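Structural characterization, general
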Amino acid sequence: MKLTIIGNGVMAQSLAMGLIKSYEVEMIGRDINKLKAIKEKMPQIEIKQLEDKEDINGKNIIFCVKPFALESVSVRLVGTANILISILAGTRLDYLRKQVKAKNYVRAMPNIAASVLQSMTTVTGDLESKDISMKIFATIGQSVWVHTEYQLDIATAVAGSGPAFLALVAEALADGAVKAGLDRHLSTQLVQGLFVGTASLLKHSHPSFIKDSVMSPGGTTASGYSKLEECGVRNAMISAVNEAYNKACELAKK
């Protein structure tokens, strides 16, 4: 199967890096110089500059442009795609149907871990395309089908924005170790290993169990954990997810 990615941004490139291992991939974008640079990094990929009248008839499209660019790009697309998979945050299926012609429509929210085949992707849309879209995203990590766009918007705030939230935590942990006196390269290495190991534990254990198994009475973890609670880290994370979700809802109204 051939997949056509429309867009050449960071998310489009992350998807391409993962998908080229299982699919024939074409990338269409407006910046030919950027496309050529991507081609140098991924020789397997086909590149094409977006034309004023771009024929999408029969193509399997993954739409990766920014939400604000939807109208300016969709007006150039002619024909009827086989399937349109949109990763545009907050952009409803009904609106996509008005902008781009396709037999079936799907919304998906992968994350940048697609480039290393570890994306956590949430998918929803026309049931006729459930199997094919789930199969596509299963090749770049894990995929979960939800039944409403409301659920997908919440998932966007967790799995889509989550890498940025966790990257902040990782950076802060490394900074804390440096402040305490550990070399930067050692701090970074420790945090990398920490995240890999904890991710494996989370596949088999509830977060609260992991926390309790590490936290001895009156110990170092208990002392550090109490400081996290004192500084409101838990509430900050909950608030971050809710703010990201609210932004997705705001985008849907435009």
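Just above, that's the structure.
Quantities reported herein were computed from a predicted structural model and do not represent experimental measurements.

This paragraph deals with the packing of aromatic side chains. One pass over the full model with this rule turns up 1 aromatic pair. Between tyrosine 150 and tyrosine 245 the ring centres are 6.0 Å apart and the planes differ by 85 degrees, which places this aromatic pair in the edge-to-face class. Placement of tyrosine 150 in helix α6 (residues 149–160) and of tyrosine 245 in helix α11 (residues 233–253) is noted, with a sequence separation of 95 residues between them.

All right, on to the sheet that holds strand β9 (residues 119–125) then. With mixed pairing, the 8 strands of this open sheet are ordered in space as β3-β2-β1-β5-β7-β8-β9-β10. Of all strands in the sheet, those bounded by a partner on one side alone are β3 (46–49) and β10 (141–145). Across the sheet, the mean angle from the axis of one strand to that of its neighbour is 25 degrees, orientation sign disregarded. Taken strand by strand, helix α2 (residues 32–41) contacts β2 (24–29) and β3, and its axis lies near 175 degrees from that of β3.

Right, let's talk about the nonpolar core for a bit. Ranked by size, the top nonpolar core spans 29 residues in total, and within it Ile5, Leu15, Leu19, Met27, Ile62 and Ile85 carry the most contacts. Elements supplying a minimum of two residues to this core: β1 (2–6), α1 (10–19), β2, α2, β7 (81–86), β8 (102–109) and α5 (130–138). If one sorts the elements of this core by residue count, α1 sits on top with 5 residues. Leu50, Phe63, Leu84 and Leu88 belong to the second-largest nonpolar core, a separate cluster that totals 19 residues.

For glutamate 149, the position within the fold is in helix α6. Here the side chain of glutamate 149 touches leucine 93 through a polar contact of 2.9 Å, landing on its backbone nitrogen. For glutamate 149, the residues in contact, after removing those within four places along its chain, are Thr91, Arg92, Leu93, Arg107 and Thr124.

Rules and cut-offs
Residues numbered from 1 in each chain as written. Predicted model: local features only at pLDDT ≥ 70, side-chain atom pairs only at ≥ 80, totals over all residues. Heavy atoms only, no water. Phe/Tyr/Trp six-rings, centres within 6.5 Å; stacked < 30°, edge-to-face > 60°. Helix = DSSP H or I, 4+ residues; strand = E, 2+ residues; numbered from the N terminus. Pairing = 2+ DSSP bridges. Axes fitted to C-alpha atoms, helices over the stretch in contact; angles between N-to-C directions. Contact = heavy atoms within 4.5 Å. Core = buried A, V, L, I, M, F, W, Y, C linked by side-chain atoms within 4.5 Å. Buried < 20%, exposed > 50% of the residue type's maximum accessible area, 1.4 Å probe, protein only. Polar contact = N/O pair within 3.5 Å; in protein donor to acceptor, adjacent residues only side chain to side chain.

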